[in-house]
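An overview of the molecular structure
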Amino acid sequence: MTDVFIELSYPIEERMLTYPDNPPDYFEPKSRIEQGDAANTMMIHHFSHTGTHVDAPYHFCEEGWTLDQIPLEYFIFEKPLLVDREKKPMELFTIEDIEELDLNGVDLLMFRSGFAKLRRTDPATYRYMFPGISKELARFLRESVLSLKAVMLDFLSADPIVLGEKENYPAHRWLLSKKFSSKRPIIIFEDVNLEPVAGKKIKRVIALPLRFKGLDGGPVSVLAEVE
């Protein structure tokens, strides 16, 4: 059987779904052939944490890597593992969700909650009531799963809205911040469509961002190689 690549990132489009209160994306035409210009060109107005994107450590740590400083090996994963657990609105992934999994050598954990199915059918629930990662799980991954380089989520943020704001975004800080752990940071890919890999054997994942210098995060194209 021939291995195939599946795209897991969402196309960037105008008026696409955003994290609450983030500014909308829009495209501004600069030159148009139909108006007599030599070529079509466009100015892209895009928020760094809209759509499929990566959170660099600098997002929650002043001394952390910016987007262009993240080593390239953090974007190519040779031993990814899918954590396939359907979650209710605002329900957290916990340590119990990974207790029976073999984490030896795993470099990417892909948390599939099933929420990607709601992105178009129920955007309000997807936008405001998405699941999250418990602070205990985030701490365990950072401190104990030393082969892990990244987590990938099929929802908008590692911290649910209400709990995140109330507790000052503990999952983000445990995964990214030097103040929470001296271990290497674990970068976060958010708003990824994991439905196409449900039930499949994932051999490799490539998640390449645009390398904007000095930024806290940015858009990512995600490809999974599956059998």
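Before reading on, note that the structure itself is shown above.
Remember, predicted model here, so these are calculated numbers, not experimental data.

1. Quick word on the pattern of salt bridges
Think of it this way: side chains of opposite charge can pair up when their charged atoms draw near. By the definition in use, this model includes 15 salt bridges. Among the salt bridges present, the one from E28 reaches K30, with a minimum N-O distance of 3.6 Å. Judged by relative accessible area, E28 falls into the partly exposed class, the value being 30%. Residues participating in the shared-partner salt-bridge network are D84, E86, R112, K117 and E195.

2. A look at the nonpolar core
By size, the foremost hydrophobic cluster in this structure holds 33 residues, and its most contacted members are L109, F111, I133, L141, L148, V151 and L153. Ranked by residue count, the leading element in this core is helix 5 (residues 170–176), at 4 residues. Those residues in contact with I133 that sit more than four places away from it in its chain are L92, F93, F111, A138, L153, A158 and A171. Ranked by size, the runner-up nonpolar core spans 26 residues in total, among them F77, M152, L194 and V205.

3. Section: the environment of I6
On the secondary structure map, I6 appears in strand 1 (residues 4–7). For I6, a relative accessible area of 16% translates into the label buried. For the pair I6 and A224, spaced 218 residues apart in sequence, the C-alpha to C-alpha distance is 5.2 Å. What I6 contacts, discounting residues up to four positions off in sequence, is P196, K200, V222, L223, A224 and V226.

4. Comments concerning a nonpolar patch on the surface
A cluster of nonpolar side chains, namely M90, Y128, M129 and V162, defines an oily patch on the protein surface of about 380 Å² accessible area. Relative to the assigned elements, V162 resides in helix 4 (residues 161–167).

5. A closer look at the side chain of N22
Tracing the backbone through its elements, the reader meets N22 in the loop between strand 1 and strand 2 (26–31). If we ignore the near neighbours within four places in the chain, the residues touching N22 are F47, H49 and T50.

6. Some words on the side chain of S48
Note that S48 resides in the loop between strand 3 (41–45) and strand 4 (53–55). Given the relative accessible area of 15%, S48 is considered buried. At 3.2 Å, the side chain of S48 forms a polar contact with the side chain of D216. Look past the residues within four positions of S48 in its chain and what remains in contact with it is H53, D216, G217 and G218.

7. Details of the packing of aromatic side chains
Tallying each qualifying case throughout the model produces 7 aromatic pairs. Aromatic pair Y19 and F130: ring centres 6.0 Å apart, planes at 50°, arrangement tilted. Taken as a pair, Y19 in the loop between strand 1 and strand 2 and F130 in the loop between helix 2 (123–128) and strand 9 (132–133) lie far apart in primary sequence, 111 residues in all. Residue Y19 shares its accessibility class with F130, and that shared class is buried. Ring geometry for W174 versus F180: centroids 5.2 Å apart, planes at 90°, classification edge-to-face. Owing to a relative accessible area of 15%, W174 belongs among the buried residues under this scheme.

Rules of the game
Residues numbered from 1 in each chain as written. Predicted model: local features only at pLDDT ≥ 70, side-chain atom pairs only at ≥ 80, totals over all residues. Heavy atoms only, no water. Salt bridge = Lys/Arg side-chain N within 4 Å of Asp/Glu carboxyl O. Buried < 20%, exposed > 50% of the residue type's maximum accessible area, 1.4 Å probe, protein only. Core = buried A, V, L, I, M, F, W, Y, C linked by side-chain atoms within 4.5 Å. Helix = DSSP H or I, 4+ residues; strand = E, 2+ residues; numbered from the N terminus. Contact = heavy atoms within 4.5 Å. Patch = residues over 30% accessible without salt bridge, like charges linked within 9 Å, V, L, I, M, F, W, Y side chains within 5 Å. Areas by Shrake-Rupley, 256 points an atom, 1.4 Å probe, with all protein chains shown as cover. Polar contact = N/O pair within 3.5 Å; in protein donor to acceptor, adjacent residues only side chain to side chain. Phe/Tyr/Trp six-rings, centres within 6.5 Å; stacked < 30°, edge-to-face > 60°.

Any functional reading would require information that these geometric values do not contain.
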